[in-house]
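# Fold and geometry: a report
What follows is the residue order along each chain.
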Amino acid sequence: MSLVLGSCAPGPSASYAWRSLGTFEIGEDGLSEPIGIEVPEGARSLQLLVLGAPASTYALGSFVTPDGVEHSELAASPDPQAQLREALIPPDDYAPLYVGLQHLATAEAFVHVHPNDGTPIRPGLHRVRVLSSASRERVEVRVITPPDDGADVIHINLHDVAMDVPEARIRELAAGVTAIFAEAGLRVVVDEIVEHRLTSRSDLFCASPPCTTVRPGSRYTELVRVGRPLSASDALDVYVVDLDPTGGVSLGMPGANAPDSELFGVFIHAANANDDDVGPQTIAHEIAHFLGLWHVSETYPDPIADTDDTNATCTNLMSYCGVETGLTPGQVRVIRASPLVRPG
């Protein structure tokens, strides 16, 4: 059971619409044919969504901008499919790819936002080739090219799934997250707070493996499947959970502007949520991942030029230093490029 405790904003937020480019054949070499994407004048970004088979992992084998520059080093690889397979990290089958065009290969539903380095997007014809770990299959490709409309609002829903985190604490977390992003000139609006009525922690366990991964069928995605229909808003769902000791998890880096997906959400563990400093910082950190930010550390470093020194000085929200909350201008530009950030 669940109960909507109350809305902090009037009604659901308006999102940008996906446009389907159709379905495309993956060849024997793991690559699709070149797919043309027209980016109009006045767009702030291009979000690409590839939908395929649960057993396959997807990346970008080629990404050519209107100036003719190839951004993916995989395009020059003699066997990009083998390179992708070698990079996969089980059991989730994802792979951080540092191949000129830095992106995260993921299974079943692949998302990329361009640009992800804080630079402006070029209008005109972009050409991409989808790379798959499998051969001879078909994938659907969708795109969003949101306008540069001054968007600065991040809409979220807070789901209280933990048994040890009271409603008052959930509202404190909301205030803390709002304050962190406000420092960077971004506004957070909590559309809804939803309390999940659980009889025991066993309600959180999945029926069958995998139970600790972010793939479909895990505890995380099962909670999204149950929790998403409980909210009338299409805002990003943030779940406070008793799942495991992991501090926080984002189901995308970036995630898709797709509320109907079971990969639409971020999570924070109850132990972190009850910490006055760590709770808001962890939620903001995971939201930032979903909006496209990488870490500013040696592990999965981001491609943004002005973050080079922020991990060394421990001032950045995306560092591993503890409870720092700063964001650089380049990081703010990447966040604002996400279609999940909307006008006020």
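Residues numbered from 1 in each chain as written. Predicted model: local features only at pLDDT ≥ 70, side-chain atom pairs only at ≥ 80, totals over all residues. Heavy atoms only, no water.

## Focus on the sheet that holds strand 8 (residues 109-114)
Which entries qualify depends on this criterion: The rule for pairing is simple: two strands pair if DSSP sees at least two bridges between them. Secondary structure elements are taken from DSSP: a helix is a run of H or I of four residues or more, a strand is a run of E of two residues or more, and numbering for both begins at the N terminus. Inter-axis angles, ranging from 0 to 180 degrees, are taken between N-to-C directions of lines fitted to C-alpha atoms, where helices are fitted over the stretch in contact.
The strand order 2-10-4-8 describes an open sheet built from four strands, whose pairing is antiparallel. If you trace the sheet from one side to the other, it starts and ends with strand 2 (19-26) and strand 8, each paired once. Averaged over neighbouring strand pairs, the angle between their axes works out to 20° when direction is ignored. In this structure, strand 4 (residues 46-51) lies alongside strand 8, joined through six bridges in antiparallel fashion. The residue bridging leucine 51 from the neighbouring strand is alanine 109, located in strand 8.

## A look at the sheet that holds strand 9 (residues 124-132)
Reading across from one edge, 3-9-5-7-6 is the order of the five strands in this open sheet, with antiparallel pairing throughout. Each edge of the sheet is formed by a strand with only one pairing partner; in this case those strands are strand 3 (35-39) and strand 6 (95-97). Ignoring which end each strand starts from, the neighbouring axes of this sheet average 35° apart. Examined bridge by bridge, strand 5 (residues 57-64) and strand 9 share six bridges and lie antiparallel to one another. Within strand 9, the residue paired with tyrosine 58 across the bridge is serine 132.

## Considering the nonpolar core
Formally: In plain words, nonpolar cores are sets of buried Ala, Val, Leu, Ile, Met, Phe, Trp, Tyr and Cys residues tied together by side-chain atoms within 4.5 Å. Accessibility here uses a 1.4 Å probe with only protein chains present; expressed as a share of the type maximum, an area under 20% marks a residue as buried, one over 50% as exposed, and anything in between as partly exposed. Between two residues, a contact is recorded if the distance between any of their heavy atoms is within 4.5 Å.
Within the largest apolar cluster, 59 residues are counted, with the highest numbers of intra-cluster contacts made by Ile154, Ile156, Phe181, Phe267, Ile287 and Ile335. Sort the elements by how many residues they give to this core and helix 2 (residues 167-182) lands first, with six residues. With residues near it in sequence (within four places) discarded, isoleucine 156 still touches Val188, Val189, Val190, Asp191, Glu192, Ala235, Leu236, Val238 and Ile287. With 20 residues, the next largest nonpolar core counts Ile26, Leu60, Phe63 and Val130 among its residues.

## Digging into the side chain of aspartate 152
Along the chain, aspartate 152 turns up in the loop between strand 10 (137-144) and strand 11 (153-160). Apart from residues no more than four positions distant in its own chain, aspartate 152 is found in contact with Gly185, Leu186, Arg187, Arg336, Val341, Arg342 and Gly344.

## Some remarks on the pairing of strand 15 (residues 266-269)
Burial along strand 15 is two-sided: the residues Val266 and Ile268 and Phe267 and His269 are all buried. The pairing of strand 13 (residues 236-241) with strand 15 spans four bridges and is classified as parallel. From the neighbouring strand, valine 238 faces strand 15, where its bridge partner is valine 266. Bridge count between strand 14 (residues 248-250) and strand 15: three bridges; the pairing is antiparallel. The residue of strand 15 that forms the bridge with glycine 248 is isoleucine 268.

## Quick word on the pattern of salt bridges
If charged atoms from side chains of opposite charge come close, those side chains can pair. Using the following cut-off: When a carboxyl oxygen of Asp or Glu lies within 4 Å of a side-chain nitrogen of Lys or Arg, that pair is called a salt bridge.
If you walk through the whole model with that rule in mind, you get twelve salt bridges. A salt bridge links arginine 138 to glutamate 25; the nearest nitrogen and oxygen atoms lie 3.1 Å apart. A residue pair is termed long-range when its members are at least 10 positions apart, and arginine 138 in strand 10 and glutamate 25 in strand 2 qualify at 113 residues. Aspartate 149 is paired through a salt bridge with arginine 44; the nearest N and O atoms lie 3.0 Å apart. Placement of aspartate 149 in the loop between strand 10 and strand 11 and of arginine 44 in the loop between strand 3 and strand 4 is noted, with a sequence separation of 105 residues between them. A relative accessible area of 11% means that arginine 44 is categorised as buried.

## Describing helix 5 (residues 278-290)
One turn of the α-helix equals 3.6 residues, which is why residues spaced by three or four share an orientation. Note the following rule: By this rule the span expected of a helix is its residue count minus one, scaled by 1.5 Å.
Taking 1.5 Å per residue, 13 residues should reach 18 Å; helix 5 reaches 18 Å between its end C-alpha atoms and fits that length. With twelve of 13 residues buried, helix 5 lies mostly within the body of the structure. Restricting attention to buried positions, one finds in helix 5 the residues Gly279, Pro280, Gln281, Thr282, Ile283, Ala284, His285, Glu286, Ile287, Ala288, His289 and Phe290. Residues of helix 5 that are buried make contact with strand 11, helix 2, strand 13, strand 14, strand 15 and helix 4 (270-273). Just downstream of helix 5 lies glycine 292, where phi reads positive at about 120°.

## A closer look at unusual backbone geometry
The amide bond that connects histidine 114 to the next residue, proline 115, takes the cis arrangement and shows omega of 0°. Within the fold, proline 115 resides in the loop between strand 8 and strand 9. Between methionine 253 and the following residue, proline 254, the backbone shows a cis peptide bond with an omega angle of 5°. You can see proline 254 is positioned in the loop between strand 14 and strand 15. With a phi close to 70°, glutamate 108 is a non-glycine residue in the positive phi region.

## Digging into empty space enclosed by the protein
Leftover empty space is mapped by rolling, across the atoms, a probe with the size of a water molecule. Just so we agree on the cut-off: Think of a 1 Å grid over the protein atoms and nothing else: a 1.4 Å probe that fits but is trapped marks a cavity, an open set flanked by protein within 12 Å on at least five of seven lines marks a pocket, and residues with an atom within 4 Å of a point count as lining. Grid points are joined across faces, edges and corners, and a volume is the space filled by probe spheres set on the points. Under the convention adopted here, Pro, Cys and the residues Ala, Val, Leu, Ile, Met, Phe, Trp and Tyr are nonpolar, Asp, Glu, Lys and Arg are charged, and Gly plus all remaining residues are polar.
One pass over the structure, following the stated rule, counts two cavities of 30 Å³ or more. Roughly 80 Å³ of internal volume is contained in the largest cavity. If you go around the largest cavity, you meet 13 residues; those closest to its centre are His112, Val113, Asn116, Pro254 and Gly292. When contributions to the lining of the largest cavity are tallied by element, the ones reaching two or more residues are strand 7 (103-107) and strand 8. Broken down by class, the residue content of the lining of the largest cavity amounts to eight nonpolar, five polar and no charged.

## Points about the side chain of glutamine 47
Under the convention used in this document: Pairs of N or O atoms within 3.5 Å make up the polar contacts considered here, provided that, within protein, one atom can donate a hydrogen while the other can accept it, and that residues adjacent in sequence are counted only when both atoms are side-chain atoms.
Checked against the element boundaries, glutamine 47 lands in strand 4. Residue glutamine 47 is classed as buried on the basis of its relative accessible area of 0%. At a separation of 3.0 Å, a polar atom in the side chain of glutamine 47 contacts the main-chain amide nitrogen of asparagine 257. Those residues in contact with glutamine 47 that sit more than four places away from it in its chain are Trp18, Val111, His112, Val113, Arg142, Val143, Ile144, Gly255, Ala256, Asn257 and Pro339.

Purely geometric stuff here, so don't read any function into it on its own.
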